[in-house]
Every structure is written in structure tokens, then in C-alpha cells.
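Residues per chain, in single letters:
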Amino acid sequence: MTAIVWELEWRIAFARRRLFVLNIVVPLLLVLPVALGAAPAVHAAAVYVVLFAIFSTFGSAIPLVRDGESGLSGRVLRAGVEPASYFLQRTAAGAVLDLLQLGPALAVVALGAGAGPRAFFVAVVALAATVWVANLVGVLVAAATRSLAEAALFSAVSTLLLLHASGVFRTPLPGSFGAAFESVAPFRALHEALLAMSMMTPVGGGTALGIWCFVMAVATGILAGRLSGSLGGSGRA
Amino acid sequence: MSAPDAGSDDDPDAHRGVDLGTDPGADPDPMVRAVAVSYRYDSGDPALDGVDLEGRPGEIVALVGPNGAGKSTLLRLLAGDLVPDAGELYLPSRRGAKGCVAMGYAGEEACHFESLSGTHNAVFFARAAGLGREEAEQAVREQFDRLGLAEDAPRPVSTYSFGARRKLLLVEALAHRPTLTLLDEPFVGLDLDSREALADLLRERSAEGGTVMIASHDLDLLPQLVDRIVFLHDARVVAGGSPDELLSSMPDVARFEFTLDGAFAGAEFVLGEGMILVSSGDTVVLESERGQAALPEACLALVVAGARIRSVVVRDAGLAAVFRSVTGAELDV
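Residues numbered from 1 in each chain as written. Chains lettered and ligands numbered in written order. Predicted model: local features only at pLDDT ≥ 70, side-chain atom pairs only at ≥ 80, totals over all residues. Heavy atoms only, no water.

Engineer: Pulling in residues and values, what's your account of the sheet that holds strand β3 (residues 60-64) of chain B?
Structural biologist: Residues and elements named next belong to chain B. In spatial order, the strands read β5-β6-β7-β3-β8-β9; together these six strands make up an open sheet with mixed pairing. A single partner strand is all that each edge strand has here, and the edge strands are β5 (103-106) and β9 (236-241). Across the sheet, the mean angle separating the axes of adjacent strands is 15 degrees when strand polarity is ignored. Here strand β8 (residues 228-233) pairs with β9 via five bridges, running antiparallel. Across the sheet, the residue bridging to Val230 is Gly240, located in β9. Along the sheet face, helix α5 (residues 192-207) touches β3, β6 (180-184) and β7 (211-215) and points at about 145 degrees away from the line of β7. (Pairing = 2+ DSSP bridges. Helix = DSSP H or I, 4+ residues; strand = E, 2+ residues; numbered from the N terminus. Axes fitted to C-alpha atoms, helices over the stretch in contact; angles between N-to-C directions. Contact = heavy atoms within 4.5 Å.)

Engineer: Give me the packing of helix α6 (residues 117-144) of chain A against helix α7 (residues 148-165) of chain A: which residues, what numbers.
Structural biologist: Residues and elements named next belong to chain A. As a packed pair, α6 and α7 sit with axes 9 Å apart at the nearest point and diverge in direction by 135 degrees. Of the possible angle classes, the one that applies to α6 and α7 is oblique. When the axes of α6 and α7 are compared, the crossing they make is right-handed. Between α6 and α7, the residues in contact are Val137, Val141 and Ala144 and Glu150, Ala151, Phe154, Ser155, Ser158 and Leu162, respectively. For the contact of α6 with α7, the class distribution of residues is six nonpolar, two polar and one charged. (Parallel < 35°, antiparallel > 145°, perpendicular 65-115°, else oblique. Left-handed = near helix turned anticlockwise from the far one by under 90°. Nonpolar A, V, L, I, M, F, W, Y, C, P; charged D, E, K, R; others polar.)

Engineer: Quick one: what's the story with the domain arrangement of chain B, residue by residue and with numbers?
Structural biologist: Entries for chain B in the domain assignment read domain 1 (32-247) and domain 2 (251-316). Look at where the C-alpha atoms of domain 1 of chain B and domain 2 of chain B centre, and you get two points 36 Å apart. (Domains from an automatic or database assignment.)

Engineer: Now, about the packing of aromatic side chains: what can you tell me, with residues and values included?
Structural biologist: Enumeration over the complete set of coordinates arrives at ten aromatic pairs over all chains. Considering the side-chain rings of Trp10 of chain A and Phe14 of chain A, the 5.8 Å spacing of their centres and the 25 degrees angle between planes classify their relative orientation as stacked. With a gap of four residues between them, Trp10 of chain A and Phe14 of chain A both fall in helix α1 (residues 4-15), about one helical turn apart. On the basis of relative accessibility, which here comes to 40%, the residue Phe14 of chain A falls in the partly exposed class. Plain terms: the ring middles of Phe256 of chain B and Phe258 of chain B are 6.4 Å apart, the flat faces sit at 65 degrees to each other, and that makes the pair edge-to-face. The burial state of Phe256 of chain B is the same as that of Phe258 of chain B; both residues are buried. (Phe/Tyr/Trp six-rings, centres within 6.5 Å; stacked < 30°, edge-to-face > 60°. Buried < 20%, exposed > 50% of the residue type's maximum accessible area, 1.4 Å probe, protein only.)

Engineer: Summarise the pattern of salt bridges; cite the residues concerned and give the values.
Structural biologist: All names here are of chain B. Going through the model one piece at a time under the given rule, you end up with 27 salt bridges over all chains. Between Arg56 and Glu54 there is a salt bridge; the shortest N-O distance is 3.2 Å. Its relative accessible area of 17% is what places Arg56 among the buried residues. Looking at Glu54, the relative accessible area reads 12%, which means it is buried. A salt bridge links Glu59 to Arg228; its shortest N-O distance comes to 2.9 Å. Of the two residues, Glu59 is situated in the loop between β2 (46-55) and β3 and Arg228 in strand β8; the sequence distance between them amounts to 169 residues. (Salt bridge = Lys/Arg side-chain N within 4 Å of Asp/Glu carboxyl O.)

Engineer: An account of a nonpolar patch on the surface is requested, with residue identities and associated values reported.
Structural biologist: Residues and elements named next belong to chain A. Together, Leu140, Ile211, Phe214, Val215, Val218, Ile222 and Leu223 line one region of the surface with nonpolar side chains, adding up to about 640 Å² of accessible area. Per element, the largest residue contribution to the nonpolar patch is six residues, and it comes from helix α10 (residues 206-230). Tracing the backbone through its elements, the reader meets Leu140 in helix α6. (Patch = residues over 30% accessible without salt bridge, like charges linked within 9 Å, V, L, I, M, F, W, Y side chains within 5 Å. Areas by Shrake-Rupley, 256 points an atom, 1.4 Å probe, with all protein chains shown as cover.)

Engineer: Lay out the sheet that holds strand β10 (residues 254-264) of chain B in plain terms, naming residues and giving numbers.
Structural biologist: Residues and elements named next belong to chain B. A sheet is described by the order of its strands in space; here four strands give the open sequence β11-β12-β10-β13, paired in antiparallel fashion. For this open sheet the edge positions go to β11 (275-279) and β13 (309-316), each flanked by a neighbour on one side alone. On average, each strand axis in the sheet is tilted by 25 degrees relative to the strand beside it, whichever way the strands run. In the sheet, β10 pairs with strand β12 (residues 281-288) via seven bridges, with the strands oriented antiparallel. In the strand pairing of β12, Thr259 is matched with Thr283. Each of β10, β11, β12 and β13 is contacted by helix α8 (residues 295-304), which is oriented at about 20 degrees to β10, the strand it contacts most.

Engineer: With reference to specific residues and values, describe the pairing of β3 of chain B.
Structural biologist: All names here are of chain B. The buried count for β3 comes to five of five residues, which makes it a mostly enclosed element. Burial along β3 is two-sided: the residues Ile60, Ala62 and Val64 and Val61 and Leu63 are all buried. Sheet analysis places β3 next to β7, joined by four bridges and oriented parallel. In the strand pairing of β7, Val61 is matched with Met213. Inspection of the sheet shows β3 paired to β8 by four bridges, in the parallel sense. In the sheet register, Leu63 faces β8, and the bridge partner there is Val230.

Engineer: Can you lay out the interface of chain A and chain B for me, pointing to particular residues and giving the numbers?
Structural biologist: On the chain B side, the residues contacting the 26 residues of chain A number 30 residues. Between chain A and chain B, roughly 2,500 Å² of surface is buried when both sides are summed, and carbon and sulfur atoms account for 54% of that area. Applying the counting criterion to the chain A and chain B interface returns four salt bridges. Salt-bridge contacts for Arg133 of chain B lead to Glu7 of chain A; the nearest nitrogen and oxygen are separated by 3.1 Å. On inspection of chain A and its partner chain B, the count reaches seven residue pairs in polar contact (both at pLDDT 80 or more). (Buried area = accessible area lost by both parts, 1.4 Å probe. Polar contact = N/O pair within 3.5 Å; in protein donor to acceptor, adjacent residues only side chain to side chain.)

What follows is the structure, given as C-alpha cells:
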């Protein structure tokens, strides 16, 4: 199977140029007052990582549910696209688009924090891996929901839980279960990379994020058949 | 649901495990077969109840019945869109010898990628079915020309009319030349030329050995197009046969189509024995179980009731009459 879904997603993105630009402008507008204001770095980093993670989870889950409801996903899968290929190509395109759309906001954050090129590069890599994981979370959320409202709710809840587990909102007590989970949580690396841009702190969680990227992709591939059933494949009238 | 795991064009065992119940010398193996298939809606109401059906290579089969008879559900089951609650489905394997998807399905929903052009939509689906880029573009261009969609091709689908969307759906189902074509109400929304063009495309699929199954209300076109008609009523198959067989089962029934000057309500219309009013308005359609001999009586009844007859066309019994005689119910066409 060639990358026809990947190609399709890019075509759709560029055909909807207004939406593409809005998806650049809105994060920028949300980030600008924080980046140019006097918010403490810890709080600012929390705002950024929440915005970036939820942007990607929503951006993956909502269109998938919409396409499932309209019957479009079912048509694509019935037409001959393998479910694993459909979800992974779609997620890959979504993640790269998210990175492009969030990139300017990240650049503003870096400028506001006075970050050096190395810290900015680390943050870009962390953002790329994070939006890939967040997009895959969005696929699982979409498969578990039955409406756009549910998808929005579940996206927010699941992402906020993972952000909380990643130590974004508070630092867990050393030696606690929370601390153990934080060390392997998916959004820790981006959070710490954003902190490092202004505080020059070390960035951890990169290996864990890499594992999340791989495991989530494999899980999505394995579960693709079941996911397609929930998202417009064979089902009931 | 079960499906034989072999089904490529060069595989003689494509339908192994199926007791065909037919003389293999006389009838080719079915391309698709449903055995005692049942399906219930979530509400518990039966959509299909013990339906048997088969489609042979080179055959065009029409599923005919009123709304709710189960035609669309049966096509969706054959397309793999739904899973039966009981019974067996024997389908060709997913991909044929050239790696292309064996099935082409156009259902009731005409959903597309709205922001993309018709060409991009159709080429995507053709490539998803297994065609290469150039092959897909060529096939789509050819079908756009034939169905009269070429002018709309570069425009975003969001600007399409209902008819153009239906044509695009048909192109997407047919461009990869499927061996099993399943179309739900394919003639709805099509102008006369496009209907003829589609009929030709379906005949070509059949001539190339493909099986075509359509659910249709278009009773005027079916006798010239299809090899076999299957009547569905109340979730069951109630009759079937070639159009000639079905129509000749009612040799004495004639159909009179009166064109009138002005509308005619027909409220005071007194019909003779064995005569049925099929429709009224500017055109009044009557059916007589006493054949063409009842024409003078029908004319007289209309004139007495105040209608001004401009012309009358006399036809043999239509499929609607056959359906009525089998089920006692009207086809809501």
C-alpha cells in the first residue's frame, strides 16, 4: 500500500488553507501573552505543554469521529485501505501538520525565554514526539467514543490525566508511585524541554517518550482492526 | 460470516466449500451467495429474515421491493459493511488476481472529502482499490466523461449538486472495474443520458464476467438491463426470476397510461371489475386484469368522471403489477 492516506491528509490540509492558518494563529495568540508576560517559567511551561498536547489529541480525535459518523472512514476502509495503514498514515500526517502549526508558537516561546539554539532544537524534537503520541491517544479516544461531544470530553480528560501523571501540574513526592510514573510518563520530556528553554534545567524523559512513540504506534497497528469497527468499519445499522 | 479464502480470478477453488446445488455444467459458480441470512436492527425489528440469494459471474441482479424491505441492508451485508446475525455469506476474496479490490460498492450515503475536487476524491478511491496513480487517473477521467461529470471534476465536492455527488459515488465504485459491483439505487439523481451511460457501464461489468447487484426502484429500466429480478418484501425474498419470466407470469394484465388535460383527482372515479388505479394526477395509470380489452371501459370511466383525455399508452403488465400479485402490497415507486 502506497502512502495514499498520507497524501490525502496533506491535500485536505492545503485545500482548507483558512483552517491551516487558523491552527497557526490560535496557538500563537494563546502563547503570546504568556511568553511576553511575567509569568513564572514553571507556570508558563505548564500552559504551553497543556496547549500543545490537547491541540494534538483534539486534532486527531475530533476529525476521526466526524469521519466515522459521516461514513467516510468506513468508505475508505471498505475501498481497500488496510486499517493499520489508515490510522498510522493519518496519524503521521496529523503529527507533522501539528508540528508545523505549533512550530511558530514554540518559536515565540523560545524567543520569550531567550533560549539558545540547542534548547530550542531539543524542544522541537520533544514536541514532534509528543504530538505523535498525542495524535495516537486521539485515535484511541475516538474509537472509545460515540459522538463529537464525547470525543472532546474524553480527549480533554485523558490528556489532562497524562499531563498530571507527567508532573506538569505538581511535582510528585520523591519515592512515591506518582514519581515512579512520572519518570515514564509521555509528556514529561516536552514539559522539561520547555522549562529548560528558560531555566537551563536538564531534560529527562526522552527515552520514555521514545518508548511511548513506538509502543503506541505498535498498539494502534495491532488494534487497528478493532478500531476500524468502532470508527466506521463493519458494524450495525 | 464466512468467506472462502481464495477468490482470485485464476483460482479454480475460489468458492470451495460451497454446495452450489446447481449443475456445474449449466451454471457457473456464484460470485456471491447468501444462505439463510438474517439481520435485525438494534430495535429488534428484522431487516432480513432467512434470505437466500446468489449472483453469478456475468449476471446483473436487481433487488426490488418497497422501502424497508431489506434491499439496502442486504447490499451492506454483501459489502461487508454489516455482519449478519445468522446465516452464511460467501464472498469473493478481498483482492483479485491483479491485486485490485474485488468489490465496488456505492451505498445510500454520498459522503466525500468535501474540500477536495471530484477528481482527487475518485482517484483516491481508485488507488485505494489497488490501481496505480496513472491507471487510476485514466480510469477516473474516462468514467467522468461517460457519466457527464467532466466539467465538475476540478471543482471541490462541497459545490456539487445532488446528482453530481451520486455520479461521483458511482465513479468511485466502478473505476477499478470490480468483479462484484453492489449499487444501492444507482439511478437516483441521474439525468436520462447519465442513466443510459450507467446502464452501459453495468453491462460492460457484466460482459467482462463481473457480477452486478443493484437495489432499484427504477422499474422502467430494469427489464432491459438486468438478467434477474429478486423481489423482497417484509425482510424476505418472495419471488425471483428473469424479467421475461416475471412479466409473462401475468399475461392478461395490461397497463393504461392516460395523459390528461389538467389534473384529475379521481375521487369520483368508478373502476370496473379487475381494474386498479395505480396513480393519478396529470397522468392516470390504470391496470386491468382483463388485458387490453378493458381499454374502452377505462376510457369511458375516466370521461364520465370528468377527465379530458389527451392520449393513452397501452403497455403490458409492469413489474409493479407482478409484485402486487405476489405480495398483495404496492411497490412505493
